[in-house]
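Chain by chain, the residues:
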Amino acid sequence: NAPDERFLLIRSVEEDFPAEAVEEIKQERMISIKEETPLPPCRVELVLGLEGRLFVILPTGVKTNLPFACNAPFVQDPARVKIKDPETSPTNRWLLQRAGRLAADAMLAWLNQTASSAEERSGAYDLFSDVDRDDNSLEGVCAAICETAFDESLEGKSFLLTEDYQLRPWEGCITVPGKLLEIWKPDQVATFFDDEARPILSRHVSAKNRKKLIHWGCVSEIEDSNVLGTLESKHLPKPETWRQLLLLWAHVSEDIAGRYSFNQHQGARIVPVQGQDVLYAANEVVRLGEKRLLQSEEDWEFLAKCLFVLNQNWPRFLAEQRRKAEEQDDEDLGADVEAAFRVLQALKLTDASDVSRVVQQVAESFFSADGCELEDCVRLAHIAANLGATLADSFQFVTRDDCRTHVTDSILYDERNDLDQFLPQKWYEDHALDEAYYREFKSCTKDTWREWVASGKSRLLTFAPLQKTQTSIWERSKLREALRERNPACDPYFPYVTNQFFLDDWDFTDEMWRHWRAAAREDKDFWGRLFTRIIQQPQAFWNKSASAQAYQVATTGNSQRVTTDPLVASLMLKFRRLPCIQDTRGAYRIPTELLRRTPETESLLDVEPFVRAELDTEATRPLLKLLGVGDKPTGPDSLLSRLRALATVANPPSYEVEKLYNRLDQLFDNCSTMDAQKLRQAFDDEKLILTDGGAWARAVEEFVAADEED
């Protein structure tokens with residue numbers, strides 16, 4: 001009735017009935033025991049592929065849970081529907097035992113067909129039964145007798161087919177999720193997932209038969225929970241292909257990225273790392289962005305000593321496979337890829353790690369070791385520059401005295417090699433960055449290095465640092481005097497009744513000032529050259545020069561600011577008194593003697609000294625203001641003085657006089673009422689007007705123009 005199905009017919013050899021069976025049969029046939037009627041030997045037949053029904057040529061009503069049908073000369077019950085209970089029928093018990101032994105022998109013979117494939121040989125386990133031996137029904141008792149005989153026949157035999165095509169005895173191998181065998185080699189799976197490194201049951205054994213072997217206790221099972229436990233406790237080798245790794249991620253995706261995972265398995269070591277042959281956990285790995293790739297393979301190898309970086313080829317592979325699945329409409333591949341992307345997201349590896357944290361992690365490991373070579377220190381700094389990282393306190397540089405120094409200890413970057421002209425020699429050697437850092441560039445470009453230093457992320461300085469100081473002041477009058485010097489418009493308020501104050505300030509160290517004063521005694525232009533070097537510092541440096549703050553101290557010890565007005569720091573007060581800024585003629589002058597160009601001061605060009613044009617920029621104007629450089633005219637006195645001097649000359653140059661008149665005219669438009677009155681008074685009282693005849697006269701003596709009748 002089933003021409004397309006295949007059945008296996010198994011026949012035993014013929015055997016004589018045992019004595020008790022002969023006796024039972026004669027009783028059933030009502031033959032006298034004394035009659036010597038010989039019974040022919042009998043055989044048992046099994047049919048694999050049919051339901052577990054018992055036959056006596058024709059089917060009986062006994063349907064067991066055995067995986068095969070059995071035909072034998074069973075003693076039937078009086079109704080000829082079922083067979084006699086084996087508990088009371090030694091014949092039936094003997095035949096059922098023969099059926100169990102026959103099934104076991106057939107299975108063993110089948111498994112030993114070494115010329116057949118593993119897939120064909122694994123079909124032998126279809127004969128393996130798995131019934132409830134505690135079932136007291138007739139069918140249950142029959143199946144239990146058969147299975148018990150089957151069990152006894154396997155004792156001491158090798159019947160477990162392994163991945164290496166060998167047969168192992170009871171508990172001689174383990175069974176693992178089939179996906180693992182698609183990801184790693186069987187010997188690797190055995191080594192890492194079984195403490196005894198037992199062989200792996202053949203992957204060709206069907207799930208149904210595998211379940212029977214596990215239930216019997218023939219093989220130990222490595223469950224998915226055990227797989228995750230192993231992945232969390234051991235560094236397994238990286239699969240040979242990306243496709244195998246994809247299978248692994250898809251296999252564990254539900255546990256790691258499933259709806260109910262709750263981040264329970266974040267420590268699973270399944271992440272491929274650049275330059276490593278084993279897998280790591282996500283919390284051991286960082287991911288560098290595509291735009292932050294390193295310069296060379298040597299840089300990767302260098303980082304790999306201190307840091308585990310996600311292999312960039314892995315996310316690229318996933319993206320490629322997603323595109324391939326969409327193009328080919330491959331649902332299986334698409335499902336695996338999407339599962340892998342969910343894992344990537346759950347492990348927080350979809351975006352690049354913060355490069356500053358990456359470099360910090362490397363630095364902590366690298367600098368904790370002894371004997372760090374200068375070349376390696378330079379390479380690490382260049383890699384940090386290439387990644388655009390902000391350095392943490394743990395980072396170290398090598399200074400010119402061959403010492404490793406923390407970045408918090410004021411490391412100087414002296415690319416032009418001229419800072420030694422301005423700094424004490426010993427201090428310079430202790431703090432100046434070794435020239436090896438900018439002599440040759442392998443792990444970053446020269447421009448990248450410069451941009452990184454200029455950005456402030458390197459925390460390298462380009463001049464000696466400012467130090468925070470604190471000065472105590474007693475009495476309110478002295479505080480007001482100190483504040484007026486720093487900001488004439490400052491009007492303090494006093495939250496407490498005390499007379500104790502202190503001033504938080506910024507300045508260079510006393511060591512620096514002593515060195516500079518000594519140098520200035522030998523070089524009259526030193527202050528100018530020094531300040532030119534200082535003025536090139538970044539804006540953050542100069543922000544401190546206007547950030548002094550005054551506090552009043554309460555009797556309880558608490559303190560509170562007495563003003564929110566900006567206060568000039570001591571640094572600026574000192575430079576205000578020094579000839580440190582060049583004028584338009586190249587001479588160094590005290591800042592308060594100079595003007596910078598504004599609409600109000602335009603009339604004083606070529607009359608008053610102005611700041612050199614290169615220094616008078618939008619970026620430096622706040623600094624010039626702190627130094628006391630003027631941005632408004634000081635009044636008409638200087639112009640009037642020059643005009644009075646020309647009035648004493650017999651034949652003054654008319655163009656000079658005209659220039660002064662033009663300057664005064666511009667000044668008059670923007671000056672105060674008092675200055676305007678001063679100008680009128682000067683021209684009324686003094687002979688400051690040049691006439692056509694070359695003489696000088698007062699305003700009341702001259703006409704602007706004359707006609708024929710004047």
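What comes next is a walk through the structure.

Rules of the game
For every chain, the first residue of its written sequence is number 1, and the numbers climb from 1 along that sequence. The model is predicted, so local features are restricted to residues of pLDDT at least 70 and side-chain atom pairs to those at 80 or more, both for listing and for counting; the totals for chains, interfaces and linings are taken over all residues. The side-chain quantities take in all heavy atoms of the structure and omit both hydrogens and water. Per-residue accessibility, obtained with a 1.4 Å probe over protein chains only, is compared with the maximum for each type, and a residue is labelled buried under 20%, exposed over 50%, and partly exposed between these values. For helices the rule is a DSSP run of H or I covering at least 4 residues; for strands it is a run of E covering at least 2, with both sets numbered from the N terminus onward. This arc is taken over the directions from the axis of the helix to the C-beta atoms. Whether two residues are in contact is decided by their heavy atoms: any pair within 4.5 Å suffices. Two strands pair under a simple rule: DSSP has to find at least two bridges between them. Axes here mean lines fitted to C-alpha atoms, for a helix over just the part in contact, with angles spanning 0 to 180 degrees between N-to-C directions. Buried residues of nine kinds, namely Ala, Val, Leu, Ile, Met, Phe, Trp, Tyr and Cys, make up a nonpolar core once their side-chain atoms join them within 4.5 Å.

Our focus in this paragraph is helix H8 (residues 224-233). Of all the residues in H8, the buried ones are Val227, Leu228, Thr230 and Leu231. One side of H8 carries all its buried residues, which in axial view fall inside an arc of 160°. On its buried side, H8 packs onto helix H5 (178-183), helix H6 (186-193) and helix H9 (242-257).

Turning our eyes to something else, we now look at unusual backbone geometry. Located in the positive-phi region is Asp402, a residue other than glycine, with phi close to 65°. Following the sequence through the fold, Asp402 ends up in the loop between strand S14 (396-398) and strand S15 (404-406). A positive phi angle is found at Glu475, which is not glycine, with a value near 85°. Summarising the element assignment, Glu475 is placed in the loop between strand S16 (467-474) and helix H18 (476-486). Classification of Glu475 as partly exposed rests on a relative accessible area of 42%.

On the basis of which strands lie adjacent, the open sheet formed by four strands has the order S16-S17-S18-S19 and antiparallel pairing. Because the sheet does not close on itself, it has two edges, and the strands there are S16 and strand S19 (559-561). Ignoring which end each strand starts from, the neighbouring axes of this sheet average 30° apart. Relative to strand S17 (residues 500-507), S16 runs antiparallel, the two being bridged by eight bridges. Among the inter-strand pairings, Ile473 is bridged to a residue of S17, identified as Phe501.

Quick look at the nonpolar core now. Core analysis: the largest hydrophobic core is formed by 51 residues, its most contacted members being Leu46, Met107, Tyr125, Phe128, Phe159 and Leu213. Of all elements in the fold, only helix H1 (19-28), strand S2 (45-48), strand S5 (68-71), helix H2 (90-111), helix H4 (138-153), strand S6 (158-161) and helix H7 (207-216) reach the threshold of two or more residues within this core. Setting aside anything within four residues of it in sequence, one finds Leu46 in contact with Leu8, Leu9, Ile10, Phe68, Ala69, Cys70, Ala99, Leu102 and Ala103.

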